[in-house]
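Chain by chain, the residues run as shown.
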Amino acid sequence: MTCFASRLALAAALAAISGIACAQEITLRLVSAFPENQFYVKRTLDWIADVNKDGKGVLQINFIGGPKAIPTFEVGKAVQTGVVDLGFSTGAFYTNVMPESDILKLSETSAAEQRANGGYELINKIWAEKGNMRYLAKVVEFTPFHLYINKKIDKPDLTGMKIRITPVYREFFQSMNAQVMTTAPGEVYTALERGVIDGYGWPIHALFDLNWQEKTKYRVDPGFYNAEVSLIMNLDKYKSLTPAQRDYLDRKARAYEAQNDFWKSYNQNEAKRQAEAGIQVIAFDAATSKAYVEKAKEIGWANAIKASPQYGPQLQKVLAK
Ligand code: 173
């Protein structure tokens with residue numbers, strides 16, 4: 001072989017190798033069901049930046065956008081059908097895929113405990129079977145939901161009030177006689193401004209992200225349930241990853257989940273911030289508070305089991321304490 005020919009052969013071999021290396025890098029498309037100006041999304045963008053920095057040649061994530069790209073309540077379907085690869089959402093937003101998704105709000109065990117007690121496997125069994133999804137990681141927890149209202153109440157009775165909900169709160173608020181209206185987070189501010197609603201359900205945190213403190217008079221204590229926000233992935237896409245890509249994604253998702261203690265101090269601070277913004281707390285007496293939380297839980301599980309006679313009871317074993 002001449003030197004020239006061997007050089008050509010070498011160049012061809014190098015091109016082939018780099019071709020393989022390129023094929024080993026995959027770019028996944030992610031959409032958020034939460035508005036882009038929410039702090040949740042900022043944290044996820046930071047996580048994506050980290051994934052992309054360390055994942056060169058292996059795996060990259062391309063953030064497509066928030067509800068303007070795909071509406072909040074359609075993100076689950078988009079992940080299920082593979083319109084996008086990854087979704088950043090909460091179970092309440094994709095009950096149109098499977099009713100089980102909203103049951104995760106009833107978690108009393110932590111994500112870490114669910115990784116150890118079989119809960120994570122069970123969730124993934126259900127998500128695969130019913131949603132064609134992989135549940136990668138829970139990235140918000142230790143966060144109660146609350147009822148926020150603009151009319152004073154002295155007992156848990158919402159007669160005559162119109163309250164914005166998602167599936168999280170429906171049966172509980174209806175049990176207090178509320179008239180309910182489902183909206184995505186992105187529509188709450190305008191509904192409050194126009195007086196279309198007298199209140200809303202929402203976590204203890206993230207109200208400032210959307211400026212709702214400007215239109216909110218009271219928070220009702222105590223909180224109930226446990227907000228769950230997670231990264232979900234189209235199952236076919238997940239299965240199509242190489243072992244190296246899958247390990248990398250699982251590892252990074254798990255590292256994100258491992259930061260969840262962050263929410264404990266964040267939430268304390270958010271409660272303080274609400275007080276400083278003039279949001280007053282409506283608190284019931286001890287017995288009423290206890291009954292309020294118990295009723296939320298009872299109604300939650302009754303509905304979970306009704307919605308999923310098959311998996312509701314199995315989920316209860318690993319989620320409830
Ligand atoms: O109120 C909501 O929009 C909702 O269901 C939710 C769930 C988890 C986190 C934040 C909001």
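Residues numbered from 1 in each chain as written. Predicted model: local features only at pLDDT ≥ 70, side-chain atom pairs only at ≥ 80, totals over all residues. Heavy atoms only, no water.

Trainee: Teacher, can you tell me more about the layout of surface pockets here?
Mentor: Using a probe with the size of a water molecule, rolled over the atoms, empty space left in the structure can be pinpointed. Approximately 260 Å³ is the volume attributed to the largest pocket. In terms of lining residues, the largest pocket is bounded by 14 residues, among which P35, E36, P67, K68 and G186 are the most central. Here the residues of the lining of the largest pocket are counted per class, giving five nonpolar, five polar and four charged. (1 Å grid on protein atoms, 1.4 Å probe; cavity = no way out; pocket = protein on both sides within 12 Å on 5 of 7 lines; lining within 4 Å. Points joined across faces, edges and corners; volume = space filled by probe spheres on them. Nonpolar A, V, L, I, M, F, W, Y, C, P; charged D, E, K, R; others polar.)

Trainee: Would you mind going over the site of the ligand with me for this structure?
Mentor: The immediate surroundings of the ligand are formed by 16 residues, with R164, T166, Y169, W202 and P203 found nearest. Take R164: an N or O atom from its side chain is 2.8 Å from an oxygen atom of the ligand. Separating an oxygen atom of the ligand from a side-chain N or O atom of Y169 is a distance of 2.5 Å. Protein burial of the ligand: of its 300 Å² of free accessible surface, 100% is covered by the chains. Here the ligand occupies the largest cavity. A total of three residues in the shell around the ligand trace back to one element, the largest contributor, which is strand β8 (residues 199-203). Looking at the shell around the ligand residue by residue, the class counts come to 11 nonpolar, three polar and two charged. (Near = heavy atom within 4 Å. Polar contact = N/O pair within 3.5 Å; in protein donor to acceptor, adjacent residues only side chain to side chain. Areas by Shrake-Rupley, 256 points an atom, 1.4 Å probe, with all protein chains shown as cover. Sits in = over half its atoms within 2 Å of the grid points. Helix = DSSP H or I, 4+ residues; strand = E, 2+ residues; numbered from the N terminus.)

Trainee: Help me out: how do you make sense of the sheet that holds strand β3 (residues 86-89) in this one?
Mentor: Sheet strands associate in pairs through backbone hydrogen bonding, adopting either a parallel or an antiparallel arrangement. Across the sheet, five strands lie side by side as β2-β1-β3-β10-β4; this open sheet has mixed pairing. Looking at strand neighbours, the two that pair on one side only are β2 (59-65) and β4 (133-140), the edges of this open sheet. Averaged over all pairs of adjacent strands, the angle between their axes in this sheet comes to 25°, without regard to strand direction. Across the sheet, helix α2 (residues 39-54) touches β1 (26-32), β2, β3, β4 and β10 (229-234), and the angle it forms with β2 is around 150°. Here helix α9 (residues 243-257) sits on the sheet in contact with β1, β2, β3, β4 and β10, set at roughly 30° to β4. (Pairing = 2+ DSSP bridges. Axes fitted to C-alpha atoms, helices over the stretch in contact; angles between N-to-C directions. Contact = heavy atoms within 4.5 Å.)

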